[in-house]
Amino acid sequence: MAEDFARAVDDGLKLAKRIYFGHDRAVAAPRLTAPMERSSTSQAHLPSAPMVYAVIPDPGIVDNPDLPSYQPHVHGRCDPPALIPLQMNAIELHVDCYLDTALVTATGSWRVHCVMGSKRCDCRIAIPIGDQGSILGVEVEIPRKSYTTQLITAQDGTELEKTAQPQSGGFLKPNIFTLTVPQVDGGTNLSIKMTWSQKLTYNEGQFFLDIPFNFPEYVTPAVKKISKREKIYLSVNAGTGTEVLCKGCSHPLKEKMRNAGKLRFAYEADVLKWSNTDFSFSYTVSSSNIVGGLFLQSASVQDVDQRDIFSFYLFPGKQQSTKSAKREVVFIVDISKSMAGKPLEDVKNAISTALSKLNPEDSFNIITFSDDTSLFSTSMEAVTSDAVERGIEWMNKSFVVADGTNMLPPLEKAVEMLSNTRGSVPMIFFLTDGSVEDERHICNVMKKRLANAGSVWPRIHTFGLGVFCNHYFLQMLANISRGQHESVYNTDHIEERLDKLFIRALSTVLLNITIEPLQNLDEVEVYPSNIPDLTSSSPLMVYGRYRGKFPESVKANGLLGDLSSFSVDLTVQSAKDMPLDKVFAKNVIDLLTAEAWFSEDNQPKEKITRLSIQTGVPSEYTRMIQLENTEEASKPINTGGKKKTETNGEKQKVISRTIPLQNFGIGFGDTTATKENVPPGFGEARAPDAAEKFVKAASSCCVSLCNKCCCMCCVQCCTKLNDQCVIVFTQLFTAIACIACFECCSHVCCGGDD
């Protein structure tokens, strides 16, 4: 899907060369991709900032709506439609950072500069979202029409799809959301507001914000006279009440406010070209030791859950003077046939890197599974240079794909090997791209085994590859054991995301965390129910609902890396200016969805549905729709040769239409794809057959020819052709058109069957 999108943009840029802007143009025509660069087109033309594209199925409609120029008639159609990036007239970015989450709103104006004023085209919005992000909503305003995304229940969505065909809209890639605005007139200005949430990354005591804000040169308006104003507003609420230090920024922000734990910045400028770099910002919360705090907040009147809200955080600090515990690590790797090639190679490289970072007092083992289970060693191996070398050599020989996906035996074997650990932190890393039918049984078995494994039971850290594995099963497996869960939906970033999981899990600084007064409350619900460990590579954020009175003194207790007891006072404060429900919404919905899958109970599903609709965060139990509102044109009346609009003092009538969008939930795994060993990926499309390729080539050949030469060259060439040559070309193109028509008729008559 992403490659098709990028090719469509490349075709659109070629078509855009037909547009004449006169002598007063500010930018050069879009540069065509050189032959040496075409291999990287799929990445170069994917959106690196909020973008809008004109969807062009008929190249004949491409022209300047303000300054029509002579264009030779173009035979054929673009299949798939070309995408011409629209020129942007204004952009404004609002970012509010709370704890480890950023709530982002981008507002901009785009113009359909490439379509005749008498024609229409669809416009496709593309929004790249940052790390672990979630789309929250899109609002579009055009003359006499508006579009707004909303969430409805899955049941209502199913009923709606019986009467209306779902329109294109969803995730092009895991981090790129797209939405189509139907039939916009050429020359129209679109005002678009986009909101999403994303996580801040954390490294060595610093928080990093990175928002896609790199606009290509060809979205700059071609006319020099159009003013271009760029605005960025940033606020930071670290929640600590201590000093926040700014460490770096990509754009020249001006400080507007500084209080304890809070910052506010602004940037406004008239620019010649839009931002060509992502908006990035980093800051640190000064602390050398483990510190924490607790927020209390009353539920709002509109809240679907009227219990009060609490949230506590723990920061690991910059320095840890305590001795690290001995770690016993088991890597469990799925080597079913779907993992062949790059996925398995990336996993092997990541494990090799992790082994090199273990300490001499640590121990490790490696287990592979398909239908059978294979072990590197029958017992845990001490980390020595010789053992690590033998482990890597064993992976090179044993990482050979085979049929089947049998998950329970390797998990049981790993727990058994770690059952007698003393004075160490046992860890299991479980990696798979598949889904099996006994996943709930696996969770129940692991629950029982871990309950008998002592005070420091093995942490199961899970990693899911692709869209065919059940990520909610893996989330549940991690929650049961206080482990971490990481996922990657395509094969581009497997090694990078796996390295991230290994670094986070292997840097544990506080275990078995409990909050002292929670058991004294009348009612309490914590997300996640088993509080995970605190690591030096990421802060810990926990959300909950309660009834009762929170005591003024609250403590977090746990075990340090050397398994000695530790306690820290949590500063209790009211969170009046922090939308905790929105900050934690995605995390809570994911955790509740895992619990709903595991329990097969309808009550959590209903809770997820209400929370999803309230916060705007999509879920497995809601569907996104597009609500179209059209203002009905007022009737003109004749008064002595002058026309007036009849209003009668009433508001114009608004006609509403609901447009269902495609379901873009990740689902609960695909056991059929697992059995058939379908490789992991995101949005994979089937390969076209020979007939489709031929028809596509025939119907698009004239468009491709037009892209190779300019209009004046075409006119000059045609004037030099003799009559016989003209007849030959006419017959040739007529034959090609007939072939395309014949293929279309055969599909209509035969229902698309061969």
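Residues numbered from 1 in each chain as written. Predicted model: local features only at pLDDT ≥ 70, side-chain atom pairs only at ≥ 80, totals over all residues. Heavy atoms only, no water.

Draft legend 1. Geometry of the sheet that holds strand E15 (residues 254-259). Taken in spatial order, the ten strands of this open sheet run E15-E16-E13-E3-E4-E10-E6-E7-E33-E36, and their pairing is mixed. A single partner strand is all that each edge strand has here, and the edge strands are E15 and strand E36 (654-660). Direction aside, the axes of adjacent strands within the sheet are offset by 15° on average. Two elements, strand E33 (residues 622-631) and E36, share seven bridges in a ladder whose sense is antiparallel. Considered in E36, the bridge of Asn629 is made with Ser656. Contacting strand E6 (134-142), strand E7 (145-153) and E33, helix H12 (residues 602-615) runs over the sheet at an angle of about 160° to E7. (Pairing = 2+ DSSP bridges. Helix = DSSP H or I, 4+ residues; strand = E, 2+ residues; numbered from the N terminus. Axes fitted to C-alpha atoms, helices over the stretch in contact; angles between N-to-C directions. Contact = heavy atoms within 4.5 Å.)

Draft legend 2. Seen up close, the packing of aromatic side chains. Evaluated as defined, the whole model comprises 27 aromatic pairs. Ring geometry for Phe171 and Phe177: centres 5.4 Å apart, planes at 65°, overall edge-to-face. By relative accessible area, Phe177 is classed as buried at 0%. On the numbers, 6.1 Å between centres and 40° between planes, the contact of Phe281 with Tyr283 is tilted. We note that Phe281, like Tyr283, is buried. An aromatic cluster of at least three residues, connected via ring pairs, comprises Tyr202, Phe207, Phe265, Phe281, Tyr283, Phe295, Tyr313 and Phe315. (Phe/Tyr/Trp six-rings, centres within 6.5 Å; stacked < 30°, edge-to-face > 60°. Buried < 20%, exposed > 50% of the residue type's maximum accessible area, 1.4 Å probe, protein only.)

Draft legend 3. Geometry of the pattern of salt bridges. Scanning the model with the defined rule gives 37 salt bridges in all. Across the pair Asp305 and Arg545 runs a salt bridge whose closest N-O atoms are separated by 3.9 Å. A residue pair is termed long-range when its members are at least 10 positions apart, and Asp305 in the loop between strand E18 (291-297) and strand E19 (308-315) and Arg545 in strand E30 (residues 540-547) qualify at 240 residues. Considered together, Asp305 and Arg545 belong to a single accessibility category, that of buried residues. Put simply, Glu525 and Arg307 hold a salt bridge, and the shortest N to O gap is 2.7 Å. Residue Glu525 is located in strand E28 (residues 523-527), and its partner Arg307 is located in the loop between E18 and E19; the two are separated by 218 residues in the primary sequence. Bridged by salt links that share partners, the residues Asp303, Asp305, Arg307, Glu523, Glu525, Arg545, Arg547 and Lys607 form one connected network. (Salt bridge = Lys/Arg side-chain N within 4 Å of Asp/Glu carboxyl O.)

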